[in-house]
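Spelled out from the first residue to the last, the chains are:
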Amino acid sequence: MKPFSHITTQFTESVIREMTRVSHAKGGLNLAQGFPDFEPPDELKAAAVQAIHGGCNQYAITFGEADLRQAIVDKACQYNRISYNPDTEVTVTCGATEAMIATLNALVNPGDEIIIFEPFYENYGPDAILSGAKPRYVALRPPHWTFDANELAEAFNENTKAIIINTPNNPTGKVFSRSELEAVAGFCIQWDAIAVSDEIYEHILYDNEAHISIASIKGMADRTVTINSLSKTYSVTGWRVGWAIAQADITGRIRKVHDFLTVGAPAPFQKAGVYALGMDAAYYNTLQYRYQQARDRVCGALAAADFIIHPPKGAYYIMAHAAQLMERFNIKTAYQFSLKLIDRTGLATVPGTAFYHSEAAGNEYIRFCFAKNEKTLDDICLRLRRL
Ligand SMILES: Cc1ncc(COP(=O)(O)O)c(C=O)c1O
């Protein structure tokens, strides 16, 4: 047979999804994939059911229902302090996942480079490769996952088309500060590059951290694509509704790619999305409180089990330093240690290496997702004692 696509040999299968399957096969508790094991609000579910019963069961407008696009810009104006036109500057997609790949396909030409902070959410590497971009990585260094401004400066050049920001960050829990975002913005302006900003955890923040959208920084509104979704904020990762907000020229291109990739996001869940985005401050406060409690409990249990922990400032993951435990069990790789964790505790996790492009990096880290209900959190704490 003639050779199949070369591009598919340039990245591996998702380790997160692989660990999820191992977890299912071994009857484990899945702390690998980022989704909550509790239900979204009843009224939100009712809004989706009502949309289905109300006859909203055919294709939506390809780039998103008008009322959802309006709700997206209203909320972005109020929460993110950014102002865009719902008719020409918003594309509703099948999750942030599709928003990211559609955006990169809309922006990238052969030879273009994309800067990615590392460790990074697993999808960004393959996203860059699939769109034909050359990824360049800039390190976020523990314990506070800061970057070196000189290293960032060196990563930019005339081939830089875009930089991917993810704040609050998966897997590190870092929340980018205003001065860090201003530094990134300065380079984007200097090198005529676009910021592609994945803000899917924007409401999951701890210790009074504030979320800042890079599009709100002076000079960035026209050179940012802000990506978001219903998945994490409203605990509906299976609904597959996300969006990209960007100036009209970029949006026109994203819409074209999106149309031919997926035609459109699920129509009834778009209707329910209008309800979700209209929820009041109490909803977000309760969500934050719940996650803060979960974070503190799991951090405590991990520290007691001899992981070294720096509590995340946002999102719902802990990058736990496991070198001491790996030595105790005489295990050399984070991947092997993840398998050991499933065998010994039944907890499925992600080896830190999944978040780095080179195989050697991230080898002392294990990522735990703590988006879990009270009962599961009790169980996690008990299971960790088996270490
Ligand atoms: C940083 C980040 N972006 C995007 C996604 C996927 O989002 P969606 O469910 O909206 O496709 C995830 C899921 O874990 C994520 O962590």
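Only a predicted model underlies this, so the values are computations on that prediction, with no experimental measurement involved. (Residues numbered from 1 in each chain as written. Predicted model: local features only at pLDDT ≥ 70, side-chain atom pairs only at ≥ 80, totals over all residues. Heavy atoms only, no water.)

Judged by nonpolar contacts, the single largest core of 94 residues is most densely connected at Tyr234, Phe307, Tyr316 and Phe337. The biggest single contributor to this core is helix α10 (residues 281-304), with nine residues. Among all residues touching Phe307, those that are not within four sequence positions of it are Leu302, Ala320, His321, Ala322, Leu325, Phe337, Leu341, Phe368, Leu384 and Leu387. Met19, Val22, Phe156 and Ile163 belong to the second largest nonpolar core, which has 36 residues in total. (Core = buried A, V, L, I, M, F, W, Y, C linked by side-chain atoms within 4.5 Å. Buried < 20%, exposed > 50% of the residue type's maximum accessible area, 1.4 Å probe, protein only. Helix = DSSP H or I, 4+ residues; strand = E, 2+ residues; numbered from the N terminus. Contact = heavy atoms within 4.5 Å.)

Turning our eyes to something else, we now look at the sheet that holds strand β9 (residues 317-321). Spatially, β9-β12-β11 is the arrangement adopted by the three strands of the open sheet, whose pairing is antiparallel. Each end of this open sheet is capped by a strand with a single partner; those strands are β9 and β11 (350-351). Of the strands in this sheet, β11 and β12 (365-369) are in contact with helix α12 (residues 334-345), which crosses β12 at around 45 degrees. (Pairing = 2+ DSSP bridges. Axes fitted to C-alpha atoms, helices over the stretch in contact; angles between N-to-C directions.)

A side chain of one charge can pair with a side chain of the opposite charge if their charged atoms are brought near each other. For the structure on display, the rule yields 20 salt bridges. A salt bridge links Lys174 to Glu180; its shortest N-O distance comes to 2.7 Å. For Lys174, a relative accessible area of 6% translates into the label buried. A relative accessible area of 13% means that Glu180 is categorised as buried. Across the pair Asp207 and Arg295 runs a salt bridge, and its minimum N-O distance is 3.0 Å. One end of the pair, Asp207, is in the loop between β6 (194-198) and β7 (224-229); the other, Arg295, is in helix α10, with 88 residues separating them in the sequence. For Asp207, a relative accessible area of 33% translates into the label partly exposed. Each of Asp207, Arg295, Asp296 and Lys313 takes part in one network of salt bridges that share partners. (Salt bridge = Lys/Arg side-chain N within 4 Å of Asp/Glu carboxyl O.)

This part is about the pairing of β7. When you tally the buried positions in β7, you get six out of six residues, the bulk of the element. On β7, burial covers both faces: Thr224, Thr226 and Asn228 on one face and Val225, Ile227 and Ser229 on the other are all buried. In terms of strand pairing, β6 meets β7 through four bridges, oriented parallel. Note that in β7 the partner of Ser197 across the bridge is Thr226.

A few words now on the site of the ligand. Taken together, 15 residues lie around the ligand, and Thr97, Asp198, Tyr201, Lys232 and Arg240 are the ones closest in. Tyr201 is positioned such that a nitrogen or oxygen atom in its side chain is 2.6 Å from an oxygen atom of the ligand. Its free accessible area being 400 Å², the ligand has 93% of it covered by the protein chains. When residues in the shell around the ligand are grouped by element, the largest group, three residues, is from helix α4 (residues 95-107). (Near = heavy atom within 4 Å. Polar contact = N/O pair within 3.5 Å; in protein donor to acceptor, adjacent residues only side chain to side chain. Areas by Shrake-Rupley, 256 points an atom, 1.4 Å probe, with all protein chains shown as cover.)

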